Amino acid sequence: MKIDSHQHFWKYHPIKDAWITDDMKVIQQDFMPSDLEPLLIKNQFEGCVAVQADQSEEETGFLLDLAKENVFIKGVVGWVDLCAANIDERLEYFAKYEKLKGFRHIVQAEADLDFMLQERFQNGISKLVKHNFTYDILIFPKHLENAAKLVAHFPNQKFVIDHLAKPDFKNKEFNEWEKGIRAIAKFPNVMCKVSGLVTEADWSNWTREDFTYCLDVVTEVFGIDRLMFGSDWPVSLLAASYSSSCDIVEDYFSKFSRADQDKFWSSNAVQFYHLQG
């Protein structure tokens, strides 16, 4: 059985979800657990980790409510204002939720390239380890240098890079990405999600070979013990079905031993997020 370490739920609202532009009409609709569960079963997944898509505490509560109602949602990566003056109080509040495993901020959308380096944000990050909360790093290749500075400051904090830090599969320009990913992989407290591949490719004209080079790099620099699978459903539907997204990495990792495949598909995510059965 497998774990999908990265997917989303939402009740579509054109203002709240303004990032879903008109060229993304296929995902301009609700996506709820009843939509995902049949896909998980069909593709032999035991469960998933639901990740925030909206930057509000209401989003965190929404995902926790879904997790309470659906046993296959094994964990939640929510949102909290890490820059807030009352961050200690908010984390104490959220610590009572067993299925809340960590937090994420949409750093890729911040105008300030140095957002992760500001004192208030780093103060928030410093508070997470007390409650054993993880942090998902959502960035573009241009942010990798600062991300490495961030993780260097917090060697006891568990980090995971979402979507390989979004290499430019469409244009196949990997120099900046590779330099950054090799540097950040040197920190043992950082893992990497093999997720969201097709959404950074040409949605209508990608091939499995488009992803091979970057998969080779992350497999080399992180090793199989620090990689985990995530679908990025339903965003991934922009370019591929759920099964097709899985098939890309199924094919790539098929040459690995059964023990290593189990790490990638399941046990690494279970250990990182402390998922329960």
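Residues numbered from 1 in each chain as written. Predicted model: local features only at pLDDT ≥ 70, side-chain atom pairs only at ≥ 80, totals over all residues. Heavy atoms only, no water.

Take the overall build of the chain next. Summing up its helical and strand segments, the chain has nine helices and eight strands in all. For the chain, the C-alpha radius of gyration of 17 Å lies close to 19 Å, the compact-globule estimate for 277 residues. When its C-alpha atoms are laid out on the principal axes, the chain stretches across 45 × 40 × 40 Å. Counting over 277 residues, the chain shows a buried share of 57%. A fraction of 80% describes how many contacts in the chain between residues 6 or more apart in sequence connect residues 24 or more apart. With an accessible surface of roughly 12100 Å², the chain has 49% of that area assigned to carbon and sulfur atoms. Each charge class in the chain was averaged separately, 30 positive and 43 negative side chains, and the resulting centres sit 3 Å apart. (Helix = DSSP H or I, 4+ residues; strand = E, 2+ residues; numbered from the N terminus. Rg over C-alpha atoms; globule rule 2.2 N^0.38 Å. Buried < 20%, exposed > 50% of the residue type's maximum accessible area, 1.4 Å probe, protein only. Contact = heavy atoms within 4.5 Å. Areas by Shrake-Rupley, 256 points an atom, 1.4 Å probe, with all protein chains shown as cover. Lys, Arg positive; Asp, Glu negative; His and termini not counted. Charge placed at Lys NZ, Arg CZ, Asp CG, Glu CD.)

Moving on: the packing of aromatic side chains. In total, this model carries 28 aromatic pairs according to the counting rule given. When the centroid spacing of 5.9 Å and the interplanar angle of 65° are considered together, the rings of Phe94 and Phe103 count as edge-to-face. Ring geometry for Phe272 against Tyr273: centres 4.8 Å apart, planes inclined by 85°, an arrangement best described as edge-to-face. According to the relative accessible area criterion, Tyr273 is buried, its value standing at 1%. What links up through ring pairs into an aromatic cluster is the set Phe45, Phe229, Tyr242, Tyr252, Phe253, Phe256, Phe264 and Trp265. (Phe/Tyr/Trp six-rings, centres within 6.5 Å; stacked < 30°, edge-to-face > 60°.)

Contact geometry for helix 3 (residues 87–94) and helix 4 (residues 119–128): axes closest at 10 Å, N-to-C directions at 35°. Classified by chirality, the crossing of helix 4 by helix 3 is right-handed. In contact with Ile87, Asp88 and Leu91 of helix 3, helix 4 contributes Asn123, Gly124, Lys127 and Leu128. Here the contact of helix 3 with helix 4 is composed, by residue class, of three nonpolar, two polar and two charged. (Axes fitted to C-alpha atoms, helices over the stretch in contact; angles between N-to-C directions. Left-handed = near helix turned anticlockwise from the far one by under 90°. Nonpolar A, V, L, I, M, F, W, Y, C, P; charged D, E, K, R; others polar.)

Counting residues in each nonpolar core, the largest one holds 84 residues, and the members touching the most others are Trp177, Ile181, Ile184 and Phe222. Among the nonpolar cores identified, the runner-up in size contains eleven residues, and Val51, Met191, Met228 and Tyr273 belong to it. (Core = buried A, V, L, I, M, F, W, Y, C linked by side-chain atoms within 4.5 Å.)

Turning to the pattern of salt bridges, a few remarks are in order. The final tally for this structure, using the stated rule, is 17 salt bridges. With a shortest N-O distance of 3.9 Å, Arg208 and Asp251 are connected by a salt bridge. In this pair, Arg208 is assigned in the loop between strand 7 (190–194) and helix 7 (212–222) and Asp251 in helix 8 (residues 242–253), connecting sequence segments 43 residues apart. According to the relative accessible area criterion, Asp251 is partly exposed, its value standing at 43%. If you follow the salt bridges from partner to partner, you end up with Arg104, Asp136, Asp162 and Lys193 in one network. (Salt bridge = Lys/Arg side-chain N within 4 Å of Asp/Glu carboxyl O.)

Time to look at the pairing of strand 7. Each regular strand displays side chains that alternate between the two surfaces of the sheet. In terms of burial, strand 7 is largely enclosed, as five of its five residues are buried. Residues Val190, Cys192 and Val194 of strand 7 are buried on one face, and the alternating residues Met191 and Lys193, pointing to the opposite face, are buried as well. Direction of pairing for strand 6 (residues 159–161) relative to strand 7: parallel, over a ladder of three bridges. Bridge pairing in strand 7 places Val160 opposite Met191. (Pairing = 2+ DSSP bridges.)

Sheet strands pair by backbone hydrogen bonding; their relative direction is either parallel or antiparallel. What the eight strands build is an open sheet, ordered 1-2-3-4-5-6-7-8; its pairing is parallel. Looking along the sheet, the strands with just one partner apiece sit at the ends: strand 1 (2–7) and strand 8 (227–229). Strand after strand, the sheet turns through a mean of 25° between neighbouring axes, direction not considered. Helix 8 rests against strand 1, strand 2 (45–51), strand 7 and strand 8 of the sheet, and its axis sits at about 145° to strand 8.

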